[in-house]
Amino acid sequence: MELKLSFPADSPPLAVIAAAKIAGVPISTDPTLTPGSTPIIHLDNGLKLRGNFVLLRHISRVANIPDLYQRDAIESSQIDEWLEYAPIFASGSQFEEACGYVDGYLLQHTFLVGHSLSIADIAVWSGLAGTGKRWESLRSSKKYQNLARWFNSILAEFGVLNEVTTTYVGKKGSVKPTASKVKEQQGSNANLAKVNGDAADKEKESRKPTSEVDLPEAEVGKVRLRFAPEPSGYLHIGHSKAALLNQYFAERYQGEVIIRFDDTNPDKESNEFVDNLLKDIETLGIKYRTVTYTSDYFPQLMEMAEKLIREGKAYVDDTPREQMQKERMDGIESRCRNNSVEENLKLWKEMIAGSERGTMCCVRGKLDMQDPNKSVRDPVYYRCNQTPHHRIGAKYKVYPTYDFACPFVDAFEGITHALRSSEYHDRNDQYYWIQTDMGFRKVHIYEFSRLNLVYTLLSKRKLLWFVQNGLVEGWDDPRFPTVQGIVRRGLKIEALIQFILEQGASKNLNLMEWDKLWATNKKIIDPVCPRHTAVIEERRVLLTLSNGPDDPFVRIVPKHKKYAGAGEKATTYTKRIWIDYDDAVSISVNEEVTLMDWGNAIVKEIQKDQEGNVTHLSGILHLEGSVKTTKLKLTWLPESDELVKLSVVDFDYLITKKKLEEDENFVDVVNPCTRKETPALGDSNMRNLQRGDVLQLERKGYFRCDVPFLRPQKPIVLFAIPDGKQQPVLRFAVPDGKTK
């Protein structure tokens with residue numbers, strides 16, 4: 001059904017027209033309304049819709065692209081907020097201020113709302129494009145690089161926008177394509193283009209954001225991807241990159257993702273891992289079509305193995321494993337390579353039966369033993385294994401290898417593009433060769449760099465060692481790089497998504513610092529998390545204020561001065577207050593200090609014990625004093641039975657070396673002290689904390705509540721959240737702190 005759009009010739013609704021073109025909504029234009037009139041869409045039933053925002057929302061609801069507007073309540077409201085903001089670009093006096101604001105916002109975001117295109121992006125994009133040469137001059141400069149990157153990526157993905165701006169922006173200046181190479185997508189109005197870049201500047205080219213990278217031969221609406229973890233551990237931050245990139249490309253090409261468990265090794269796999277991987281995938285917000293298992297295809301895989309044996313493309317080999325490995329390295333053909341089909345089928349049946357003779361054998365592909373790429377030197381397709389499978393039990397005695405199962409199931413399930421980390425690059429030839437032997441069409445492999453982080457082990461085998469040896473609490477330990485571990489440490493999933501998508505689909509291998517991830521996290525939690533007060537229990541010092549209130553009184557104050565949504569808390573004011581020992585030793589006699597959320601005080605007397613340790617302070621309130629003139633701003637707590645016990649926990653890395661060499665044993669660099677517990681006292685409002693709540697302890701940092709208040713003698717457990725600054729990790733070290 002074609003929509004009819006009427007508008008004044010001197011003010012075409014660029015955003016509405018652009019949205020219709022991008023969304024694949026047929027539209028005819030009638031620029032005959034009188035100047036100053038509101039644009040109108042005429043519906044077939046005679047009804048009319050008026051106003052830019054109304055028309056944009058209507059087009060998004062009938063669009064071929066999902067989620068342009070109709071999302072959850074928060075994201076839909078954020079889209080509305082941007083729609084109201086977009087007209088500011090038409091205001092000459094506020095244009096550059098608006099450019100600066102959106103540029104700063106896009107420093108941490110790929111799209112204006114969420115992780116896919118919305119009508120908010122279209123409205124703001126059109127607002128910029130509509131200013132013609134004014135934006136073009138800024139776009140070609142380096143003044144607003146984030147804004148230009150975002151603008152260019154949308155134009156590169158939707159080349160039809162060039163037609164819109166050329167037609168309707170007119171003499172103001174047309175928007176020229178920045179893509180170096182545009183590819184027509186069959187059956188789509190969208191032109192998915194290679195990113196603009198200086199061909200001579202290789203370093204710049206290597207830093208393309210995710211949104212500026214194309215999948216090879218991808219067709220909009222026909223892309224099918226898979227995220228295929230092995231259920232032999234929990235999802236970690238490295239797997240998260242693969243999962244999120246699959247989702248990103250699926251959304252970009254209006255395709256779909258399936259989750260497939262690569263469960264071909266019963267020695268390592270369990271239902272516990274399956275359940276927790278699904279939990280982690282949900283935590284990441286991955287939207288998938290269905291869940292499958294490689295084990296679903298065991299009958300078809302066995303049929304394929306037998307077919308290849310009959311065709312002379314595979315054979316059964318009983319060469320001992322170590323000898324086989326050496327022969328593959330040296331390019332020596334196995335003595336079994338030229339066995340007859342009958343002999344191979346006979347041994348294959350022995351393998352299926354799990355007989356003593358069969359367990360000595362494996363099935364190998366007959367590829368090329370002289371190929372310089374050792375991965376195609378007759379790889380193993382099937383091995384015997386007597387361990388019961390976690391889903392199927394003891395039905396099978398033979399199991400396919402990943403190298404055999406993956407190309408089969410990818411093709412069988414209709415996967416169009418297989419995303420793999422570049423560490424598997426040498427196996428690409430093997431993957432394609434096996435698919436050809438099987439008679440399948442080619443599944444495109446798209447490589448991205450593995451996410452490597454300093455002081456971090458991402459091998460599930462190595463992480464399992466820490467679990468089995470009791471050096472961590474489990475797979476969700478906050479020192480682990482698992483999704484559950486870093487979330488328990490206090491990382492917001494939004495920060496993880498931003499961090500990973502900023503790395504993009506680059507193929508460059510980089511060793512990343514954790515600091516950037518935690519700095520991103522801080523930007524998310526700081527504006528909204530409530531503020532509380534704590535004093536380290538060890539050697540805390542009492543400050544007596546002689547003119548303080550004889551009768552304690554309570555004030556209700558905000559938990560966050562700039563965010564009312566954080567709620568309120570009750571603060572008690574008394575003559576006797578606790579302060580940290582480190583603060584007490586920094587104070588001089590007659591020094592004026594500021595007591596946070598109260599006012600100034602002057603310390604008149606400092607008492608010390610025989611060893612010179614400060615034991616007590618005396619002073620007077622000086623509330624008329626200026627907080628701007630004091631050097632020390634102190635946190636404090638009232639002397640009260642209402643204070644709660646805290647255990648403040650800080651963590652260090654599990655290993656002491658930034659990067660392990662390939663031949664280096666990780667056990668040799670295990671960090672002996674990775675957890676520090678410090679007893680503290682907290683304000684009484686912390687009784688209401690729930691597990692998972694994030695808060696800031698004033699002047700001490702950010703924390704996540706791991707164990708809430710249960711009873712007075714059992715402490716609330718708070719995990720310290722890094723804030724991205726270079727600093728010692730175990731910050732709250734005290735003489736008798738517990739370590740693990």
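In what follows, the accompanying structure is described. Computed from a prediction, not measured in an experiment: that's the story for all the values here.

Overview of the overall build of the protein
- Broken down by element type, the protein carries 21 helices and 34 strands.
- With respect to the three principal axes, the spread of C-alpha positions in the protein is 100 × 85 × 50 Å.
- Counting contacts in the protein only where the partners sit at least 6 residues apart, residues at least 24 apart contribute 70% of the total.
- As displayed, the protein has an accessible area near 33,700 Å², and 48% of this comes from carbon and sulfur atoms.

A few points about the environment of aspartate 683
- As for its placement among the helices and strands, aspartate 683 is situated in the loop between strand S30 (675–682) and strand S31 (694–697).
- With a relative accessible area of 8%, aspartate 683 lands in the buried category.
- Between the C-alpha atoms of aspartate 683 and lysine 645, which are 38 residues apart in sequence, the distance is 9.1 Å.
- With near-sequence residues (within four places) excluded, aspartate 683 lies in contact with His532, Thr533, Leu637, Leu643 and Val644.
- Here histidine 532 takes part through its side chain, which lies 3.2 Å from a polar atom of the side chain of aspartate 683.
- Among the polar contacts made by the side chain of aspartate 683, one reaches the main-chain amide nitrogen of asparagine 685 at a distance of 3.1 Å.

Considering the sheet that holds strand S20 (residues 541–545)
- Read across the open sheet, the seven strands follow the order S27-S24-S25-S26-S20-S23-S28; overall the sheet is mixed. The strands lining the two open edges of the sheet, one partner per strand, are strand S27 (633–634) and strand S28 (637–638).
- Looking at chain direction, S20 and strand S26 (residues 614–621) are connected through four bridges and run parallel. Its bridge partner being in S26, leucine 545 is matched across the sheet by glycine 619.

Section: the nonpolar core
- Counting 109 residues, the largest nonpolar core has Phe89, Leu112, Leu128, Leu147, Trp150, Leu215 and Ile237 as its most contacted members.
- No other element matches the nine residues that helix H1 (residues 14–23) contributes to this core.
- Apart from residues lying up to four places away in sequence, leucine 112 is in contact with Trp82, Val102, Tyr105, Leu106, Ala120, Asp121, Val124 and Trp150.
- If you look at the next biggest cluster of nonpolar residues, it comprises 30 residues, including Met302, Met304, Ile309 and Tyr382.

Considerations on the sheet that holds strand S7 (residues 224–227)
- With parallel pairing, the three strands of this open sheet are ordered in space as S7-S8-S9. Edge positions in the sheet fall to S7 and strand S9 (291–293), since each has one partner strand and no second. Ignoring which end each strand starts from, the neighbouring axes of this sheet average 35 degrees apart.
- Pairing geometry for S7 and strand S8 (residues 256–261), over four bridges, is parallel. By the bridge assignment for S8, leucine 225 is matched with valine 257.
- Along the sheet, helix H10 (residues 237–252) contacts S7 and S8; its crossing angle with S7, the most-contacted strand, is approximately 165 degrees.

Remarks on the side chain of aspartate 706
- Position of aspartate 706 among the secondary structure elements: in strand S32 (residues 701–707).
- Looking at aspartate 706, the relative accessible area reads 6%, which means it is buried.
- There is a polar contact of 2.9 Å between the side chain of aspartate 706 and the side chain of arginine 488.
- Aside from chain neighbours lying at most four places away, what touches aspartate 706 is Arg488, Arg691, Val717 and Phe719.

A few points about the packing of aromatic side chains
- According to the stated counting rule, one finds 37 aromatic pairs in the structure shown.
- Between phenylalanine 273 and tryptophan 475, the aromatic rings sit 5.7 Å apart at their centres with planes inclined by 80 degrees, giving edge-to-face as the arrangement. Here tryptophan 475 lies in the loop between helix H17 (460–468) and helix H18 (483–489) and phenylalanine 273 lies in helix H11 (residues 271–283), a separation of 202 residues in the sequence. Residue phenylalanine 273 shares its accessibility class with tryptophan 475, and that shared class is buried.
- On the numbers, 5.7 Å between centres and 80 degrees between planes, the contact of tyrosine 431 with tyrosine 432 is edge-to-face.
- Residue class for tyrosine 431 comes out buried when judged on its relative accessible area of 1%.
- Through a chain of ring-to-ring contacts, the aromatic side chains of Tyr234, Phe273, Trp465, Phe466, Trp475, Phe480 and Phe666 assemble into a single cluster.

Some words on the pairing of S30
- Across the eight residues of S30, six count as buried, placing the element largely inside the fold.
- For strand S19 (residues 534–536) and S30, the ladder comprises three bridges, and the chain directions are antiparallel. For alanine 534, the partnering residue across the bridge sits in S30 and is glycine 682.
- Taken together, the eight bridges between strand S29 (residues 644–651) and S30 define a ladder with antiparallel strand orientation. Bridge pairing links phenylalanine 651 to arginine 675 in S30.

Some words on helix H20 (residues 514–525)
- Its 12 residues place the ends of H20 17 Å apart at the C-alpha level, agreeing with the 16 Å of an ideal helix rising 1.5 Å per residue.
- All of the buried residues in H20 are Trp514, Asp515, Leu517, Trp518, Thr520, Asn521 and Ile525.

Topic: the environment of leucine 347
- For leucine 347, the location among the structural elements is in helix H14 (residues 341–353).
- Between the alpha carbons of leucine 347 and valine 614 there is a distance of 83 Å; along the sequence they are 267 residues apart.
- What leucine 347 contacts, discounting residues up to four positions off in sequence, is Val316, Arg357 and Cys361.

Some points on the pattern of salt bridges
- Inspection of the entire model under this criterion finds 43 salt bridges.
- As a salt-bridge pair, arginine 289 and glutamate 256 come within 2.5 Å of each other at their nearest N and O atoms. Residue arginine 289 is located in the loop between H11 and S9, and its partner glutamate 256 is located in strand S8; the two are separated by 33 residues in the primary sequence.
- Assessed through its relative accessible area of 58%, arginine 289 is described here as exposed.
- With its nearest N and O atoms 2.9 Å apart, the salt bridge here joins glutamate 664 to lysine 657.

Here's the deal with the state of the cysteines
- For the structure shown, the criterion picks out zero disulfides.
- Here cysteine 362 stays free of any disulfide, with the sulfur of cysteine 361 as its closest cysteine sulfur at 7.6 Å.
- Given a relative accessible area of 7%, cysteine 362 falls into the buried group.
- In this structure cysteine 384 is a free cysteine whose sulfur lies 7.1 Å from that of cysteine 361, the closest cysteine sulfur available.

What about the packing of H10 against helix H19 (residues 493–503)?
- Two numbers describe how H10 lies on H19: the axes approach to 10 Å, and their chain directions differ by 75 degrees. Taken together, the axis directions place H10 and H19 in an arrangement best described as roughly perpendicular. For the pair formed by H10 and H19, the contact residues are Ile237, Ser240, Lys241, Leu244 and Tyr248 on the first element and Leu496, Ile497, Ile500, Leu501 and Gln503 on the second.
- When grouped by side-chain class, the residues that make up the contact of H10 with H19 number seven nonpolar, two polar and one charged.

Comments concerning unusual backbone geometry
- With a phi close to 55 degrees, tyrosine 455 is a non-glycine residue in the positive phi region.
- Tracing the chain through its elements places tyrosine 455 in the loop between strand S16 (451–453) and H17.
- For tyrosine 455, a relative accessible area of 24% gives the class partly exposed.
- Phi at arginine 699 is positive, roughly 70 degrees, even though this residue is not glycine.
- With respect to the helices and strands, the residue arginine 699 is situated in the loop between S31 and S32.
- Take arginine 699: its relative accessible area is 45%, and that puts it in the partly exposed class.

Thresholds, definitions, all that
- Residues numbered from 1 in each chain as written.
- Predicted model: local features only at pLDDT ≥ 70, side-chain atom pairs only at ≥ 80, totals over all residues.
- Heavy atoms only, no water.
- Helix = DSSP H or I, 4+ residues; strand = E, 2+ residues; numbered from the N terminus.
- Contact = heavy atoms within 4.5 Å.
- Areas by Shrake-Rupley, 256 points an atom, 1.4 Å probe, with all protein chains shown as cover.
- Buried < 20%, exposed > 50% of the residue type's maximum accessible area, 1.4 Å probe, protein only.
- Polar contact = N/O pair within 3.5 Å; in protein donor to acceptor, adjacent residues only side chain to side chain.
- Pairing = 2+ DSSP bridges.
- Core = buried A, V, L, I, M, F, W, Y, C linked by side-chain atoms within 4.5 Å.
- Axes fitted to C-alpha atoms, helices over the stretch in contact; angles between N-to-C directions.
- Phe/Tyr/Trp six-rings, centres within 6.5 Å; stacked < 30°, edge-to-face > 60°.
- Expected span 1.5 Å × (residues − 1).
- Salt bridge = Lys/Arg side-chain N within 4 Å of Asp/Glu carboxyl O.
- Disulfide = S-S within 2.5 Å.
- Parallel < 35°, antiparallel > 145°, perpendicular 65-115°, else oblique.
- Nonpolar A, V, L, I, M, F, W, Y, C, P; charged D, E, K, R; others polar.

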